[in-house]
Amino acid sequence: MKLVENSAYHQIEEVAGIEMELLHVGSEPVGMRCPFCYEDVMTKAQYKNSRFTHIVALVLGILFWWMCCCVIPYITKRWKDVEHYCPNCRRYLGLYTRRSAIL
Ligand SMILES: [Zn+2]
């Protein structure tokens, strides 16, 4: 009897890159080369209220309701998602989210 060794060819699946954003961008406009129009541009940042913004507002509203702190997340950029656009071709370049941000 001879055992066939079959385990030599493990398929290594790369699953890491699937859910990555288009680009690694931060919360502020960043200088880069646009992958669509190949111009060196400064990205145009748009601040969006995310679910995280609402959660922060809710928590602050509960803790500091007597100071009306619940409006703070909506008027500061600190807890908002940031969408980056190319100012030249106006294509969407990447998203910065606050999910992992420390309060
Ligand atoms: Zn562009």
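Thresholds, definitions, all that
- Residues numbered from 1 in each chain as written.
- Predicted model: local features only at pLDDT ≥ 70, side-chain atom pairs only at ≥ 80, totals over all residues.
- UniProt positions renumbered as here; feature names shortened; annotations may be inferred.
- Helix = DSSP H or I, 4+ residues; strand = E, 2+ residues; numbered from the N terminus.
- Contact = placed C-beta atoms within 7 Å.
- Buried ≥ 20, exposed ≤ 12 C-beta atoms within 10 Å, placed from the backbone.
- Pairing = 2+ DSSP bridges.
- Axes fitted to C-alpha atoms, helices over the stretch in contact; angles between N-to-C directions.

## Description of the UniProt feature "transmembrane region" (unreviewed entry) in the chain
Here the UniProt-annotated "transmembrane region" (unreviewed entry) positions come out as residues 52–75. Helix makes up 67% of residues 52–75 and strand 0%. Its end C-alpha atoms lie 14 Å apart.

## What to know about the environment of Pro-73
Along the chain, the position of Pro-73 falls in helix 2 (residues 72–75). Put simply, Pro-73 and Leu-58 are 15 residues apart on the chain and 9.5 Å apart in space, counted from C-alpha to C-alpha. The residues contacting Pro-73, other than those within four sequence positions of it, are Thr-53, Val-56, Ala-57, Leu-60 and Trp-79.

## Some words on unusual backbone geometry
For Tyr-38, which is not glycine, the phi dihedral falls at a positive 60°. The topology assignment puts Tyr-38 in the loop between strand 1 (31–33) and strand 2 (40–42). Even without being glycine, Arg-90 reaches a positive phi, approximately 60°. Mapped onto the secondary structure, Arg-90 falls in the loop between strand 4 (81–85) and strand 5 (92–96). Residue classification places Arg-90 among the exposed residues on the basis of 11 C-beta atoms within 10 Å.

## Structural notes on the sheet that holds strand 5
Taken together, 3 strands build an open sheet; the order of strands is 3-4-5 and the sheet is antiparallel. Bordering the open sheet on either side are strand 3 (44–48) and strand 5, each of which pairs with just one other strand. The mean angle between the axes of side-by-side strands here comes to 25°, regardless of whether they run parallel or antiparallel. Across 5 bridges, strand 3 lies against strand 4 in antiparallel orientation. Pairing of Gln-46 across the sheet is with Glu-83, part of strand 4.

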